[in-house]
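# Observations on the model geometry
Residue-level listing of the chains:
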Amino acid sequence: FTKAFKNKFGFSPLLLRAFSFQINYLEGNCNMSHIFMKSTAVHATKEELYKLLMTTIKENLLEYDQQMIKKAYEFACIAHSGQKRFSGDDYVTHSINVAILLAEMEASEDAVIAGLLHDILYKKTNMSLEKIKKEFSGRISRIIKIVTSFNESENITDEDVIMVKLCDRLHNMRTIEFSDEIRRRAKAEQTLD
């Protein structure tokens, strides 16, 4: 249904759902924070977060290929092995949190997989776009490439790219307290832009 709707109207029915929620439940208020109901524990382990991701997929009745999700999770864990966030947590926990947000929003399977892999190029891992394309798909590698080189002034129309970038930024803002003041201010300004 989603593919047919998108082909016919040029946008996903997910946007209609968000607008309907905004109009009917928030009485037109632009505050959309209620959409992101789940917030994970700050120092949750990658295993706990992966379990939450799979639970979210199951609860939302999303028909994703669970083996591909697991493969992307394991791929991300290997790629980010030894990398840490400013909080001291394994870096991969950020990517899993992004995927959880995407699954909550019922994004496409490609977007969720790209969410798990979105920082592989940015964080200087030993993985390449070619390897991602070979292991997953050209579509997923394109999403990751655009997310990595994302520029707010560009006219990006790919819904999956936008969803991954928004979820990436949302999780970064949720954990911004672990950054220094200069980085917090810069990220906040980028987010507003």
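Calculation rules
Residues numbered from 1 in each chain as written. Predicted model: local features only at pLDDT ≥ 70, side-chain atom pairs only at ≥ 80, totals over all residues. Heavy atoms only, no water. Core = buried A, V, L, I, M, F, W, Y, C linked by side-chain atoms within 4.5 Å. Buried < 20%, exposed > 50% of the residue type's maximum accessible area, 1.4 Å probe, protein only. Helix = DSSP H or I, 4+ residues; strand = E, 2+ residues; numbered from the N terminus. Phe/Tyr/Trp six-rings, centres within 6.5 Å; stacked < 30°, edge-to-face > 60°. Lys NZ or Arg CZ within 6 Å of the ring centre and 35° of its normal. Lys, Arg positive; Asp, Glu negative; His and termini not counted. Salt bridge = Lys/Arg side-chain N within 4 Å of Asp/Glu carboxyl O. Polar contact = N/O pair within 3.5 Å; in protein donor to acceptor, adjacent residues only side chain to side chain. Contact = heavy atoms within 4.5 Å.

### Observations regarding the nonpolar core
Leu53, Ile69, Leu102 and Leu117 are the most contacted members of the largest nonpolar core, which has 44 residues in total. Of all elements in the fold, only helix 3 (46–59), helix 4 (66–79), helix 5 (92–104), helix 6 (109–117), helix 8 (138–148) and helix 9 (159–174) reach the threshold of two or more residues within this core. Considering every element that reaches this core, the biggest residue donor is helix 5, with eight residues.

### Details of the packing of aromatic side chains
All chains considered together, the criterion is met by two aromatic pairs. Ring geometry for Tyr50 versus Tyr73: centroids 4.2 Å apart, planes at 25°, classification stacked. Pair noted here: Tyr50 is in helix 3 and Tyr73 is in helix 4, with a separation of 23 residues, a long-range link. Comparing Tyr50 with Tyr73, the two get one shared label, buried. Between the aromatic rings of Phe75 and Phe136, the centroid separation amounts to 5.3 Å while the plane-to-plane angle is 90°, which identifies the pairing as edge-to-face. Placement of the pair is Phe75 in helix 4 and Phe136 in the loop between helix 7 (129–135) and helix 8, with a sequence separation of 61 residues. Relative accessible area serves as the criterion here: at 9%, Phe75 is assigned to the buried category. Taking relative accessible area as the criterion, Phe136 reaches 12% and is therefore assigned buried. Over the ring of Phe136 we find Lys71; its NZ or CZ atom is 5.3 Å from the centre of that ring. Over the ring of Tyr91 we find Arg85; its NZ or CZ atom is 6.0 Å from the centre of that ring.

### Description of the side chain of Asp119
Here Asp119 shows up in the loop between helix 6 and helix 7. Although Asp119 is buried, it makes no salt bridge; Lys165 carries the closest opposite charge, 6.8 Å away. One polar contact links Asp119 to His118, side chain to side chain, over a distance of 3.4 Å. Those residues in contact with Asp119, other than ones at most four positions away along the chain, are His80, Tyr91, His94 and Asp168.

Shape is all these values report; function is a separate question.
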